[in-house]
There are 2 protein chains.
Amino acid sequence: MGVTRGSSLLSEGQERSDAARNRQLLLDAAEALVREQGAEAVTMDAVAKRAGVGKGTVFRRFGNRSGLMHALLDQSEKKLQAAYMFGPPPLGPGAPAIERLVAFGRARLAGIEVEGDVLREASSNAERYSGAPYNVTKSHVALLLRQANTPGNTNLLADTLLAALDAGLVLHQHRVQGYTLEQIGDFFESLVRRVVPVDAQ
Amino acid sequence: MGVTRGSSLLSEGQERSDAARNRQLLLDAAEALVREQGAEAVTMDAVAKRAGVGKGTVFRRFGNRSGLMHALLDQSEKKLQAAYMFGPPPLGPGAPAIERLVAFGRARLAGIEVEGDVLREASSNAERYSGAPYNVTKSHVALLLRQANTPGNTNLLADTLLAALDAGLVLHQHRVQGYTLEQIGDFFESLVRRVVPVDAQ
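Everything numeric in this text was worked out from a predicted model, so none of it was measured.

Undergrad: Now, about the overall build of chain A: what can you tell me, with residues and values included?
TA: In terms of regular secondary structure, chain A is built from 10 helices and 0 strands. Of the regular secondary structure in chain A, the N- to C-terminal order runs α-α-α-α-α-α-α-α-α-α. Within the span of chain A, comprising 201 residues, buried residues form 45% of the whole. The long-range share in chain A, meaning contacts at least 24 apart out of those at least 6 apart in sequence, stands at 63%. With an accessible surface of roughly 9,900 Å², chain A has 55% of that area assigned to carbon and sulfur atoms.

Undergrad: Can you explain the interface of chain B and chain A? Please cite residues and give values.
TA: At the junction of the two partners, chain B supplies 27 residues and chain A supplies 27 residues. Here chain B meets chain A over a buried area of about 2,400 Å², counting both sides, of which 62% is carbon and sulfur. Together, Tyr129, Leu156 and Arg194 of chain B form the three largest contributors to the area buried by chain B at its contact with chain A, with a combined 28%. Where chain B packs against chain A, one counts 0 salt bridges. Linking chain B to chain A there are 10 residue pairs in polar contact (both at pLDDT 80 or more).

Undergrad: Quick rundown of the side chain of Arg108 of chain B? Include the residues and the values.
TA: Residue and element names in this part refer to chain B. Within the secondary structure, Arg108 is located in helix H5 (residues 97-110). One buried charged side chain, Arg108, makes no salt bridge at all; its nearest oppositely charged neighbour is Glu77, positioned 4.1 Å away. In this structure, Arg108 is in contact with Glu77, Leu80, Glu115, Thr137 and Leu165, ignoring residues within four places of it in sequence.

Undergrad: Give a description of the packing of aromatic side chains that names residues and reports values.
TA: All names here are of chain A. Counting across every chain of the model gives 4 aromatic pairs over all chains. Between the aromatic rings of Tyr129 and Tyr134, the centroid separation amounts to 5.2 Å while the plane-to-plane angle is 85 degrees, which identifies the pairing as edge-to-face. For Tyr129, a relative accessible area of 12% translates into the label buried.

Undergrad: Residues and numbers for the relation of the copies chain B and chain A, please.
TA: Between the two copies of this chain, the relationship is a rotation about some axis together with a displacement along it. Mapping chain B onto chain A is achieved by rotating through 180 degrees and translating by 0.0 Å along the same axis, at an RMSD of 0.1 Å. Expressed as a symmetry operation, the mapping of one chain copy onto the other fits a two-fold axis. When the interface residues of chain B are mapped onto chain A, 100% of them again fall at the interface, so both copies present the same face.

Undergrad: Help me get a handle on the side chain of Gln173 of chain B, residues and values and all.
TA: Tracing the backbone through its elements, the reader meets Gln173 of chain B in helix H9 (residues 167-176). If sequence neighbours within four positions are ignored, Gln173 of chain B has contacts with Leu156 and Asp159 of chain A together with Gly178, Tyr179 and Ile184 of chain B.

Undergrad: Just give me the short version of the pattern of salt bridges, but keep the residues and values in it.
TA: Counted by the stated rule, this structure contains 24 salt bridges over all chains. Note that Lys78 of chain A and Asp74 of chain A form a salt bridge whose closest N and O atoms lie 2.9 Å from each other. Placement of both Lys78 of chain A and Asp74 of chain A in helix H4 (residues 65-86) is noted, with a separation of 4 residues, approximately one turn of the helix. Residue classification places Lys78 of chain A among the partly exposed residues on the basis of a relative accessible area of 47%. A relative accessible area of 31% means that Asp74 of chain A is categorised as partly exposed. For Glu31 of chain B, the salt bridge identified is with Arg35 of chain B, shortest N-O distance 3.7 Å. You can see Glu31 of chain B and its partner Arg35 of chain B sitting in helix H1 (residues 2-37), 4 residues apart, about one turn around the helix. A relative accessible area of 57% means that Arg35 of chain B is categorised as exposed. Each member of the salt-bridge network shares a partner with another, and the members are Glu99, Arg106, Asp186, Glu189 and Arg193 of chain A.

Undergrad: With reference to specific residues and values, describe helix H5 (residues 97-110) of chain A.
TA: Residues and elements named next belong to chain A. Between its terminal C-alpha atoms H5 stretches 20 Å, which fits the 20 Å expected from 14 residues at 1.5 Å a residue. H5 sits mainly inside the fold: 10 of its 14 residues count as buried. Considered for burial, the residues of H5 that qualify are Ala97, Ile98, Arg100, Leu101, Val102, Ala103, Phe104, Gly105, Arg108 and Leu109.

Undergrad: An account of the environment of Leu25 of chain B is requested, with residue identities and associated values reported.
TA: Residue and element names in this part refer to chain B. Note that Leu25 resides in helix H1. You can call Leu25 partly exposed: its relative accessible area is 44%. Taking the C-alpha atoms as reference points, Leu25 and Arg50, separated by 25 residues in sequence, lie 9.7 Å from one another.

Undergrad: Could you give an account of the environment of Leu143 of chain B, naming the residues involved and the relevant values?
TA: Residues and elements named next belong to chain B. As for its placement among the helices and strands, Leu143 is situated in helix H7 (residues 132-147). With relative accessibility at 41%, the residue Leu143 sits in the partly exposed group. The spatial distance from the C-alpha of Leu143 to the C-alpha of Ala158 is 9.0 Å, given a sequence separation of 15 residues.

Undergrad: Got a sec to walk through unusual backbone geometry? Specific residues and values, please.
TA: Residues and elements named next belong to chain A. A cis amide bond links Pro89 to the next residue, Pro90, at an omega of 10 degrees. Relative to the assigned elements, Pro90 resides in the loop between H4 and H5. Residues other than glycine seldom take positive phi values, yet Asn149 does so here, at roughly 55 degrees. Turning to its location among the elements, Asn149 is positioned in the loop between helix H7 (132-147) and helix H8 (154-164).

Criteria and cut-off values
Residues numbered from 1 in each chain as written. Chains lettered and ligands numbered in written order. Predicted model: local features only at pLDDT ≥ 70, side-chain atom pairs only at ≥ 80, totals over all residues. Heavy atoms only, no water. Helix = DSSP H or I, 4+ residues; strand = E, 2+ residues; numbered from the N terminus. Buried < 20%, exposed > 50% of the residue type's maximum accessible area, 1.4 Å probe, protein only. Contact = heavy atoms within 4.5 Å. Areas by Shrake-Rupley, 256 points an atom, 1.4 Å probe, with all protein chains shown as cover. Buried area = accessible area lost by both parts, 1.4 Å probe. Salt bridge = Lys/Arg side-chain N within 4 Å of Asp/Glu carboxyl O. Polar contact = N/O pair within 3.5 Å; in protein donor to acceptor, adjacent residues only side chain to side chain. Lys, Arg positive; Asp, Glu negative; His and termini not counted. Phe/Tyr/Trp six-rings, centres within 6.5 Å; stacked < 30°, edge-to-face > 60°. Least-squares fit on C-alpha atoms with pLDDT ≥ 70 in both. Expected span 1.5 Å × (residues − 1).

Put into structure tokens, the structure is as follows:
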């Protein structure tokens, strides 16, 4: 009985890790599709084909297209979080706070074409300011602002800096107004350097 | 025949001015409803009752509720535009550019509870960065930034300053996070004073 239990646990564990691997495979396929053809190319069918699995598998894993889109967003948020929390400086710990703020802006902008398209396709964005993804990122930015001894309300300032990097706004500046993401990154850097006190730089 | 024509023109003119007056009456009634009970209280029926006209008149004038909501937004935009273009300083001409920027932020915040509720109820906001209201306001802010000799990209900075005053964001800061509109105005002032060079202040 002990043996049966043990092997049942083992196969459950095996199943969970297979499931996680499959899920990651499907997300990678979806991300590649967004990158190559834009978010509108991401259908349950296209993702299944790209990953070489049946369409049913994609539905079982994500429920529907909106579920898949949210999982994609979640993944890109988590990658960025991991990079600024545990990755190498200047984005990760070990660089002065102001350099980490500048690096954060550029990292966010680098992912914005994919993320912005997915955001536009994912369902309602009404809860954006209340949700965990926004607030985890905001805490990070507000903390760096305080570490750089930024005067005034660092919470409200974190909102403003994140608003400057908002996907909808940046995609308009980039695609409609013709700014490169590098120009927008340079602007963000100059903004950060003006709001943070000189003695922190 | 000349007389007939003349009197026909006269009555057409009379009709147009009656129409404009009726339209204004209905918009004032709708604005009062938003102010007293929030945007969800604005139904075609409620506006008709408040203005003392038949419901059919409201439908003839605005088509549907979304049309009425857009007309309300348009009106509040135009009031603000008139104030910063032709009104008294510091919002209007005659004050230093930086003081006009600060006054602009406070004026925008003063109207944001009404405007934000209406925005939330009005239909899709997808075209916000391409539309005339956004761009008229943005030109004003960018011009003041240039008049204050602000270095760097004043177009991108105007986007950021307007993003800090975005109705959705400000209503979250005010209603969910508990900041007063005065605190948000003070923050906006401190932001403006940091991004504009000291010699302009």
